[in-house]
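# Topology and contacts: notes
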Amino acid sequence: MTDLLHGYRRIVIKIGSSLLVDRERGLKRTWLESLGEDIARLVGEGREILVVSSGAIALGRKILRMDPGPLRLEESQAAASVGQIALSRTYLEILSRHGIEVGQVLLTLGDTEERRRYLNARATISTLLALKAVPVINENDTVATSEIRYGDNDRLAARVATMIDADLLILLSDVDGLYTAPPLLDPNASHIPLVEHITPEIDKMAGSAGSELSRGGMKTKIDAARIATSAGTDMIITAGNRLYPMAAIERGERATLFRAVDNPVAARKRWIAGQLHATGRLFVDAGAVKALVGGMSLLSAGVTRVEGDFRRGDTVTVFDAARREIARGLIAYDSDEARLVAGLRSSEIGAVLGYEGRAAMIHRDDMAVDPGAVDMPGAQLTSA
Ligand code: GLU
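Owing to the predicted nature of the structure, the values given are computational and were not obtained by experimental measurement.

Okay, the packing of aromatic side chains next. The full count for this structure, using the stated rule, is one aromatic pair. The lysine or arginine in question, Arg305, covers the ring of Phe283, its NZ or CZ lying 4.6 Å from the ring centre.

Take the pattern of salt bridges next. For the coordinates displayed, the defined rule picks out 27 salt bridges. Close ionic contact of Arg122 with Asp366 constitutes a salt bridge, the shortest N to O distance being 3.0 Å. One end of the pair, Arg122, is in helix H6 (residues 115-130); the other, Asp366, is in the loop between strand S18 (360-362) and strand S19 (367-369), with 244 residues separating them in the sequence. Between Asp152 and Arg155 there is a salt bridge whose closest N-O contact spans 2.8 Å. Asp152 gets classed as buried once you look at its relative accessible area, which sits at 5%. Residues participating in the shared-partner salt-bridge network are Asp38, Arg41, Glu45, Arg47 and Glu250.

For strand S11 (residues 234-239), the buried fraction is high: six of the six residues fall into the buried class. Sheet topology places strand S7 (residues 168-173) next to S11; six bridges connect them, and they run parallel. What sits directly across from Leu171, in S11, is Ile237. Across four bridges, the pairing between S11 and strand S12 (residues 255-258) is antiparallel. The residue bridging Met235 from the neighbouring strand is Phe258, located in S12.

This part is about unusual backbone geometry. The phi torsion at Tyr244 lies on the positive side, around 50°, for a residue other than glycine. Counting through the fold element by element, Tyr244 comes out in the loop between S11 and helix H10 (245-250). The phi angle at Arg323 is positive, at roughly 60°, despite the residue not being glycine. Its place among the elements puts Arg323 in the loop between strand S16 (315-319) and strand S17 (325-330).

This paragraph deals with the nonpolar core. Membership of the largest hydrophobic core comes to 38 residues, with the highest contact counts inside it found for Ile15, Tyr91, Ile170 and Leu172. It is helix H4 (residues 73-96) that provides the largest number of residues to this core, a total of seven residues. If near-sequence neighbours (up to four positions away) are discounted, Ile170 is found in contact with Leu5, Ile11, Val12, Ile13, Lys14, Ile236, Met246 and Ile249. Core analysis: the second largest hydrophobic core is formed by 37 residues, Val12, Val52, Leu119 and Ala166 among them.

Conventions adopted
- Residues numbered from 1 in each chain as written.
- Predicted model: local features only at pLDDT ≥ 70, side-chain atom pairs only at ≥ 80, totals over all residues.
- Heavy atoms only, no water.
- Phe/Tyr/Trp six-rings, centres within 6.5 Å; stacked < 30°, edge-to-face > 60°.
- Lys NZ or Arg CZ within 6 Å of the ring centre and 35° of its normal.
- Salt bridge = Lys/Arg side-chain N within 4 Å of Asp/Glu carboxyl O.
- Helix = DSSP H or I, 4+ residues; strand = E, 2+ residues; numbered from the N terminus.
- Buried < 20%, exposed > 50% of the residue type's maximum accessible area, 1.4 Å probe, protein only.
- Pairing = 2+ DSSP bridges.
- Core = buried A, V, L, I, M, F, W, Y, C linked by side-chain atoms within 4.5 Å.
- Contact = heavy atoms within 4.5 Å.

Set out below in structure tokens:
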């Protein structure tokens, strides 16, 4: 069997409640410790690991000795409040013994779906990774109300994975992959190791069932696969209920791999290029045009004029001096700030804004350049 983890550098591991919490005995310590060892080994290999962990509600209701059965919204919020502390402490314990720091990140739906907040969350998570900490992420169940929440961590994990351009998302759950039919109900169900495209047949196979502890059934996992793969992230569904679950994937235990449609940056650029509603316009000098076509970020120094009223994270159009559109991108500044920093060198930005600011007005990963719009033979390009 091939090592399914081979070559992946940034991996989001989603851990379902039923793996973490036993209804009778509480946290599954031995399993968690084995997961901690797996993560430490992967980090030691130079990979970046993020954990999206469920279990706050399941753990909290156990700690608070709440009755079995469905919870009212405020009860599950209270359970999550208590359970989340225990959950974070557990990750700290299992990772700090390997010298790994942990950062807790609690997200609500708006943090991944509203662009300004999305950029903020992305910056925080990327900084944690740059600082070599393992982000441990969950939905902020204590404040999320039923109308504005994910409710399942499968889709949350998929959005997080695409947000930070992870190359792999692993859903560890109580099933070892996708079957042609629910394996418990149909003895003829066969396991599907690889999904290249999510077709209506695949949707049909997923059905809708979930287990008692976790919210997502196979359906939310396929939704997650659709989010992940369409943004360039591969996804694996496998059973996590064995010790050393990452090692199990590497040695080829049963799993389903959903293959990404594209690579993440290319996919985002395509999404940006397809944005119809650009709220602002930036005019740039010839040096900046050269830099953009050469794949560099747009620095403030090259911006000669800013038009329109926009917020950080909005899509803006970039024009050259001859008013030809050369790129579209997600702007890193609100329009009033963009006007202030236009034309400034990076070292001058701090003094004008009163805070450090960003050197790039549009980061190259957030920009789709149309080289065809530029009269500039590639041979002349320098990497400015
Ligand atoms: N966010 C929920 C929790 O931590 C879990 C959601 C899910 O099971 O997917 O309890």
